[in-house]
Amino acid sequence: MVLLKMFVIPQILIYLTIQQSSCAPRSSDLTIERANEFITQNKNNVKQTYRLKYHAMAPIGWINDPNGFIYFRGEYHLFYQYNPYSAVWDTMHWGHAKSKDLVHWEELPVALAPDQIYDTDGVFSGSAIEKDGKLYVMYTGNNPNGQVQCIAVSEDGIHFEKVSENPVLDASDLPSNAQPQDFRDPKVFKRGDLYYVVTVSKTVNETGQVLLYQSADLINWEFKSILLEGTKEQGIMWECPDLFELESKDVLILSAIQMARSGNDYHNIDSVIEFIGEVDWNEGKMKVESIKELDHGHDFYATQSLLDDKDRRIVIAWMNMWGRTFPTAILNQGWTGAMTLPRELHLKNGYLTQTPIAEIANALQHVTEFKDVTLIDQSGEFNQVAGEVGMLDLVVNLEEAKLFKIELRANENERTILSYDNESKELTIDRTNSGVYIAGGENPPVNARKIEVPQENNELSLQIFLDQSSLEIFVNGGLETLTTTIYPTEERSEIILFYSEGKTVIKSLKFSKIVL
Ligand SMILES: *[C@@H]1O[C@H](CO)[C@@H](O)[C@H](O)[C@H]1NC(C)=O
Ligand SMILES: *[C@@H]1O[C@H](CO)[C@@H](O)[C@H](O)[C@H]1NC(C)=O
């Protein structure tokens, strides 16, 4: 057995996620020009230590939810909740990046600033759609009277104008059981001749619900129905709804605030839930057939998806979580937050599977490969299987194994542990000793997450994407995923160590670098 050194965990005060930054300009000065000027002048001061190599990030400052994710004129556009002025959350703008392949991202100017009465407290989350060759975005305007939905239009996909009809949806468009202070995150789509939008609101009973509106022109909207109401266990409020058809089912993905824990599920403060079923479009109601947590790691929230020209349904998420300490902010790195690797969605046995977008293969540089290596009650490293950024692809046979374990991003003192217990059939990711300690407001355990994974012919397959401060693990072809951020503190943390209690046969093991 490899014994881990015991660590005394420092009690770190929970950083308030909503915190006034001293260098941010006053609200009346929050223009696009000011934001872009600040970014140009300061982005070179951002510390590189934990910056990711192949994930979408902002050049400087804080980001959260992905917004306006769309395939437009041959390119993928990604907007995001953005405070350029500091590494903590503050009055939201929309940052903007685009990509030809979902792997190489090009930074674009800030798209929206909180410069109107109806969005003075923040240009909150929303989505994008193409109409008459123009790019329309629909977002939530946050203001002292509540949350309203607004439209901005762009001819070139870069510069936006907010329409004079704003807000296009306000408190008067809400059903009687809704609270106007929590009415947000419009995800717009077209179906037949009509545009629809799903948004969320908090009910007077402090639960989440998804609202459906329809429109002929994206400007004049009519309330259609409450698509789905949440139970008490499903959180005190829902966020970021996304409704689409996939392989002849209707899929609703949303993010639930304070979803109740159940078994190994929903252990973070907030969770992403998939609902699979059928929408009755006459009634505007969703009949749910199955419900599941979409990712079982620590850092996966506020998903948004697009459909591209190859008919692929691709989802991306904010690779962080609320209610936690954010190491890059605490360590004055000048930035916080990133997006996950974009993932292609499919259905298998009534649930979503996620696989990394195929284009990432072009960035893989083969390093080494092993076949049929048996480990019996031993630990060991493989020649050249080491690195901070790369992809580890392995298939193991566990017929005679008790426990199989991989230590990732390891050095003498730190490691992140992925282990599979052949008795409980649980795969666990434990970042307790991975580096900078991350404190969280949830009930313990804060830093270990697990998921039951059945074997297929006594085998388990793992595809592990490592980046400078993240791990994304795709299990059994994407049936499960675990996404987790880590912040090793030592100069190098590139050891990958394998360990078996009982006999594990590593059927195949490939290691590749990821270089853009
Ligand atoms: C609030 O909850 C109570 C008790 O479950 C229920 O009777 C009532 O209809 C709910 N109100 C609304 C507006 O949904
Ligand atoms: C490991 O799990 C497999 C599949 O459930 C089982 O057949 C096998 O007996 C287990 N091995 C050990 C050593 O417990």
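Predicted model only: the values in this text are computed from it and were never measured.

**Quick word on the sheet that holds strand E3 (residues 93–99)**
Part 1 of the argument: On the basis of which strands lie adjacent, the open sheet formed by five strands has the order E4-E3-E2-E1-E19 and mixed pairing. Bordering the open sheet on either side are strand E4 (106–112) and strand E19 (335–336), each of which pairs with just one other strand.
Part 2 of the argument: Relative to E4, E3 runs antiparallel, the two being bridged by four bridges. Note that in E4 the partner of Lys 98 across the bridge is Glu 106.
Part 3 of the argument: Against the sheet, helix H1 (residues 32–42) touches strand E2 (75–83), E3 and E4, its axis set at about 150° to E4.

**Observations regarding the environment of Arg 492**
Part 1 of the argument: Note that Arg 492 resides in the loop between strand E29 (480–485) and strand E30 (495–514).
Part 2 of the argument: Remark: the alpha-carbon pair of Arg 492 and Asn 362, spanning 130 residues in sequence, is separated by 26 Å.
Part 3 of the argument: One polar contact links Arg 492 to Glu 494, side chain to side chain, over a distance of 3.1 Å.

**Describing the domain arrangement of the chain**
Part 1 of the argument: Here the chain is described as being made up of domain 1 (22–356) and domain 2 (359–514).
Part 2 of the argument: One C-alpha centre belongs to domain 1, the other to domain 2, and the line joining them spans 30 Å.
Part 3 of the argument: Between domain 1 and domain 2, the residue contacts involve 43 residues of the former and 47 residues of the latter.
Part 4 of the argument: Carbon and sulfur atoms make up 53% of the surface buried where domain 1 meets domain 2, a total of about 3600 Å² over both sides.
Part 5 of the argument: Of all residues in domain 1, Tyr 50, Tyr 54 and His 298 give up the largest surface area on contact with domain 2, accounting jointly for 19% of the area buried on that side.
Part 6 of the argument: Counting every contact that joins domain 1 to domain 2 gives five salt bridges.

**So, the side chain of Lys 162**
Part 1 of the argument: Tracing the chain through its elements places Lys 162 in strand E8 (residues 161–162).
Part 2 of the argument: On the basis of relative accessibility, which here comes to 17%, the residue Lys 162 falls in the buried class.
Part 3 of the argument: In terms of polar contacts, Lys 162 uses its side chain to reach the backbone carbonyl oxygen of Ala 113, at 2.6 Å.
Part 4 of the argument: Here the side chain of Lys 162 touches Asp 115 through a polar contact of 2.6 Å, side chain to side chain.

**Some points on the packing of aromatic side chains**
Part 1 of the argument: A complete count under the given rule lists 21 aromatic pairs for this structure.
Part 2 of the argument: Geometrically, the ring pair formed by Trp 94 and Tyr 139 is edge-to-face, given 6.3 Å between the ring centres and 65° between the ring planes. Here Trp 94, found in strand E3, pairs with Tyr 139, found in strand E6 (residues 134–143); they are 45 residues apart in sequence, far enough to count as distant. With respect to burial, Trp 94 and Tyr 139 carry one shared label: buried.
Part 3 of the argument: The residue whose ring lies beneath Lys 405 is Tyr 499, and the NZ or CZ to ring-centre distance is 5.0 Å.

**Quick word on the UniProt feature "domain: Glycosyl hydrolase family 32 N-terminal" (unreviewed entry) in the chain**
Part 1 of the argument: In the UniProt entry, the feature "domain: Glycosyl hydrolase family 32 N-terminal" (unreviewed entry) is given for residues 55–356.
Part 2 of the argument: Spanning residues 55–356, this segment combines 1% helix with 57% strand, and its end C-alpha atoms are found 12 Å apart.

What counts, and where the lines are drawn
- Residues numbered from 1 in each chain as written.
- Chains lettered and ligands numbered in written order.
- Predicted model: local features only at pLDDT ≥ 70, side-chain atom pairs only at ≥ 80, totals over all residues.
- Heavy atoms only, no water.
- Pairing = 2+ DSSP bridges.
- Helix = DSSP H or I, 4+ residues; strand = E, 2+ residues; numbered from the N terminus.
- Contact = heavy atoms within 4.5 Å.
- Axes fitted to C-alpha atoms, helices over the stretch in contact; angles between N-to-C directions.
- Polar contact = N/O pair within 3.5 Å; in protein donor to acceptor, adjacent residues only side chain to side chain.
- Domains from an automatic or database assignment.
- Buried area = accessible area lost by both parts, 1.4 Å probe.
- Salt bridge = Lys/Arg side-chain N within 4 Å of Asp/Glu carboxyl O.
- Buried < 20%, exposed > 50% of the residue type's maximum accessible area, 1.4 Å probe, protein only.
- Phe/Tyr/Trp six-rings, centres within 6.5 Å; stacked < 30°, edge-to-face > 60°.
- Lys NZ or Arg CZ within 6 Å of the ring centre and 35° of its normal.
- UniProt positions renumbered as here; feature names shortened; annotations may be inferred.

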